[in-house]
2 protein chains.
Amino acid sequence: MPVSRRPTYINMNEIERVHLEPQTGTGFELRRGQVLRVIDPQGEQVSDLMAFAREDFTEWLSSGRSIDYADTIYLSKGHTLYSNKSNPMLTIVEDTVGKHDFLLTPCSEEMFRILYDVDSGHPSCFSNLVMGLERFGIAPHQIPTTFNIFMNVSIAPTGKLTIGPPLSRAGDSIDLRAEMDLVIGLTACSAEKSNNFSFKPIDAIIFDEE
Amino acid sequence: MPVSRRPTYINMNEIERVHLEPQTGTGFELRRGQVLRVIDPQGEQVSDLMAFAREDFTEWLSSGRSIDYADTIYLSKGHTLYSNKSNPMLTIVEDTVGKHDFLLTPCSEEMFRILYDVDSGHPSCFSNLVMGLERFGIAPHQIPTTFNIFMNVSIAPTGKLTIGPPLSRAGDSIDLRAEMDLVIGLTACSAEKSNNFSFKPIDAIIFDEE
């Protein structure tokens, strides 16, 4: 896993900034060629990312195809995230952390109920993605497994999952270049365990490479 | 992983038998309470399974939710396969093999092109699932990561995947009980690497528990 903690872009044409308060999410467009930098400003925070083709929402980010083509469950710098139609959606062009989850669905009200016996009403990445994407006409059932940036999931040889605190430190980031016009959903995660029991914001910058 | 190689059902009311020739697939209904036994008659063969709620195709088998709730990537006897709406779809009530894949999408024409540089026209589980499910009105883009029965995928600590020959021997099987009315897609896998380079049939029996 790459551990360089200094992104290599010196000059960039900043287009837009996104600030996500703890336990919130949003949706926005990302044009082909634009780069989305997702930043963990305080460290140990997770950000769930979902992507749909701007022109056809039946084309969506596929964990299963991406993992297959990358030949690893830990996608990082140089790897491409593919759609369910096997088209490149996003390329990871920079990554100062190197470990992200691509196995699990976003935390959801049902997850908090099933795994933690928490009553409904807990904020969740799933409901925040639903709210962020609905203005584009994307329905809840269209949200599959997401790319869970900075989420630290390890797999024992037995298959058992261990969710540890994210490896991200304050200021760490990942840069994803859009390979097609996209609609992106992005969150500042709501799950206690994913964030070392401290909810924090997420920042994002959209820019053109110079 | 359980390694008992003798299913415990002695008496069962057989309802239907399905025989899949090598590199083929089919679709059928499975009613709540019915058990689907998927059998590897010759050993070292993979069978990709997909499930949709019979009454609402926006409810589909979710690898990400199932793995999260089982707390393991290797689902076996006693585990439940969940839908994207967090409802139980199938429970594994018997399993003589104990290792199946739930990370990867079905083999597809695009996969053979991207990973193996094989021209279009290679039979694939994806196209066989499409053909098996289209008569129910299920579209190709609705097929996500499948439950890949007997597929032997191991994950190194680095995240790298290794696809080995299935651990299934002739006559091995897995029993899945439907927890709701379902439409099932099922294949005899078309990928050389998944089957130790020898394509074989898959058998299935649908029965009621006595």
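It should be emphasised that the depicted structure is a prediction, and the values quoted were computed from it without experimental measurement.

Novice: Help me understand the interface of chain A and chain B in this model?
Specialist: Accessible area lost upon the coming together of the parts serves often as the stated size of an interface. Contact with chain A, which involves 36 residues of that partner, is made by 36 residues of chain B. Taken together, the two surfaces of chain A and chain B that pack against each other cover about 3,100 Å², and 59% of this comes from carbon and sulfur. Sorting the residues of chain A by area buried against chain B places A:Arg65, A:Asp68 and A:His141 first, and these three jointly supply 18% of that buried surface. Along the contact surface separating chain A from chain B lie 4 salt bridges. Between B:Lys160 and A:Asp71 there is a salt bridge, with its nearest N and O atoms 2.8 Å apart. Of all elements in the fold, only strand S5 (56-60), helix H1 (63-70) and helix H2 (109-116) of chain A reach the threshold of two or more residues within the side of chain A that touches chain B. Take the side of chain A that touches chain B: its biggest share by element is 6 residues, from H1(A). Residue classes in the side of chain A that touches chain B are distributed as 17 nonpolar, 13 polar and 6 charged.

Novice: Can you walk me through the packing of aromatic side chains in this structure?
Specialist: We describe a pair of aromatic rings using the distance from one ring centre to the other and the angle between the two ring planes. Counted according to the given criterion, the structure contains 8 aromatic pairs over all chains. Taking the centre distance of 5.0 Å and the plane angle of 70° together, the rings of A:Phe102 and A:Phe147 count as edge-to-face. A residue pair is termed long-range when its members are at least 10 positions apart, and A:Phe102 in the loop between strand S7 (88-95) and H2 and A:Phe147 in strand S8 (residues 147-149) qualify at 45 residues. Pair check on accessibility: A:Phe102 and A:Phe147 agree, each one buried. A cation sits over an aromatic face here: A:Arg65 above B:Phe126, 4.9 Å from the ring centre.

Novice: Help me out: how do you make sense of empty space enclosed by the protein in this one?
Specialist: Space left empty within the atom packing is revealed by a probe, the size of a water molecule, rolled over the atoms. Counting across every chain of the model gives 5 cavities of 30 Å³ or more. Considered as a void within the structure, the largest cavity measures approximately 140 Å³ in volume. Ranked by residue count, the leading element in the lining of the largest cavity is helix H2 (residues 109-116) of chain B, at 3 residues. Each residue belonging to the lining of the largest cavity can be placed in one class, and the counts come to 11 nonpolar, 3 polar and 3 charged. Put simply, the second largest cavity is a space of about 110 Å³. Lining the second largest cavity are 15 residues, with A:Cys107, A:Met111, A:Met151, A:Ala191 and A:Ser194 positioned closest to its centre.

The rules we used
Residues numbered from 1 in each chain as written. Chains lettered and ligands numbered in written order. Predicted model: local features only at pLDDT ≥ 70, side-chain atom pairs only at ≥ 80, totals over all residues. Heavy atoms only, no water. Contact = heavy atoms within 4.5 Å. Buried area = accessible area lost by both parts, 1.4 Å probe. Salt bridge = Lys/Arg side-chain N within 4 Å of Asp/Glu carboxyl O. Helix = DSSP H or I, 4+ residues; strand = E, 2+ residues; numbered from the N terminus. Nonpolar A, V, L, I, M, F, W, Y, C, P; charged D, E, K, R; others polar. Phe/Tyr/Trp six-rings, centres within 6.5 Å; stacked < 30°, edge-to-face > 60°. Buried < 20%, exposed > 50% of the residue type's maximum accessible area, 1.4 Å probe, protein only. Lys NZ or Arg CZ within 6 Å of the ring centre and 35° of its normal. 1 Å grid on protein atoms, 1.4 Å probe; cavity = no way out; pocket = protein on both sides within 12 Å on 5 of 7 lines; lining within 4 Å. Points joined across faces, edges and corners; volume = space filled by probe spheres on them.

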